[in-house]
Amino acid sequence: MGKGFELPEAHSHYFKGDVEERLNHHHLQILGFSFPINGTSYDQHVHRIEGITVIDEGHQHRYSVESGPPIALPMGGHYHIFSGETKSKENHKHYFSGKTSLPIGNYPLNW
C-alpha cells in the first residue's frame, strides 16, 4: 500500500503595511496575522490579509486582499507581498501595501 499525499504544514504570517494619506487624514499602518494555509516556500499558495483600520471619531476602513505567492529566501523560509485599497462606508479609499514576516506557525488565538 502506497503512502498518501501529505499536505505541507499550515502556517500564518505576521503582516505590516503602510497606508497612503488621502483627504487630509492618515490611517498609519495596518498590521495583524494572515489566515493560516498549507504551503511551502516553493508552491504558489497565497494568504488572506484582512482587518480594520480605525482613526479618531470612529472613522474606519476595512481591507481584505490575497497576498502574492511565496518569495523564497536563500537561508530558508519565505514571505509574501500584498497591496490593495481599503473600503469605507464614507465611500473613499486608501491605497496600502506591505509584506509579511517569515512563517510563524498558527496565529495567536487570542489576537
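Residues numbered from 1 in each chain as written. Predicted model: local features only at pLDDT ≥ 70, side-chain atom pairs only at ≥ 80, totals over all residues. Heavy atoms only, no water.

Colleague: How should the overall build of the protein chain be read in this particular structure?
Modeller: When its secondary structure is counted, the protein chain shows zero helices and 10 strands. Counted from the first residue to the last, the protein chain has its helices and strands arranged as β-β-β-β-β-β-β-β-β-β. A buried classification covers 32% of the 111 residues belonging to the protein chain. Counting every atom, the protein chain has about 7300 Å² of accessible surface; 54% of that belongs to carbon and sulfur. (Helix = DSSP H or I, 4+ residues; strand = E, 2+ residues; numbered from the N terminus. Buried < 20%, exposed > 50% of the residue type's maximum accessible area, 1.4 Å probe, protein only. Areas by Shrake-Rupley, 256 points an atom, 1.4 Å probe, with all protein chains shown as cover.)

Colleague: Can you walk me through the environment of Gly51 in this structure?
Modeller: You can see Gly51 is positioned in strand β5 (residues 48-54). The contacts of Gly51, once residues within four sequence positions are left out, are His61, Arg62 and Tyr63. (Contact = heavy atoms within 4.5 Å.)

Colleague: Please clarify how the pairing of strand β2 (residues 13-19) should be interpreted in this entry.
Modeller: Strand residues, when the strand is regular, have side chains that alternate between the two faces of the sheet. Side chains His13, Phe15, Gly17 and Val19 of β2 all project onto a buried face; the interleaved residues Tyr14, Lys16 and Asp18 project onto a face where none is buried. By the bridge criterion, six bridges tie β2 to strand β10 (residues 95-103) in an arrangement that is antiparallel. Its bridge partner lying in β10, Val19 is registered against Phe96. With five bridges joining them, β2 and strand β3 (residues 29-33) adopt antiparallel strand pairing. (Pairing = 2+ DSSP bridges.)

Colleague: Would you mind going over the confidence of the model for the protein chain with me for this structure?
Modeller: Scored by pLDDT, the protein chain comes out at a mean of 85, with 86% of its residues at no less than 70. Mean pLDDT values for the elements of the protein chain range from 85 in β3 up to 97 in strand β7 (residues 71-72). (pLDDT = per-residue confidence, 0-100.)

Colleague: Just to check I follow, could you spell out the side chain of His92 for this structure?
Modeller: Inspection of the secondary structure puts His92 in the loop between β9 (81-85) and β10. In this structure His92 comes out as buried when scored by relative accessible area, which is 11%. Looking at His92, its side chain comes within polar contact range of the side chain of His61, at 3.3 Å. A polar atom in the side chain of His92 sits 3.4 Å from the side chain of His94. (Polar contact = N/O pair within 3.5 Å; in protein donor to acceptor, adjacent residues only side chain to side chain.)

Colleague: What is the right way to look at the environment of Gly98 in this model?
Modeller: Position of Gly98 among the secondary structure elements: in strand β10. Each C-alpha atom, one on Gly98 and one on Lys16, is 5.8 Å from the other, the two residues being 82 residues apart in sequence.

Colleague: Honestly, the nonpolar core in this entry has me stumped. Any pointers?
Modeller: If you look at the biggest cluster of nonpolar residues, it comprises eight residues: Phe15, Val19, Ile30, Ile49, Tyr63, Val65, Phe82 and Phe96. Elements with a contribution of two residues or more to this core: β2 and β6 (60-66). Filtering out sequence-adjacent residues up to four positions away, Phe96 remains in contact with Asp18, Val19, Ile30, Tyr63, Val65, Phe82, Ser83, Gly84, Glu85 and Thr86. (Core = buried A, V, L, I, M, F, W, Y, C linked by side-chain atoms within 4.5 Å.)

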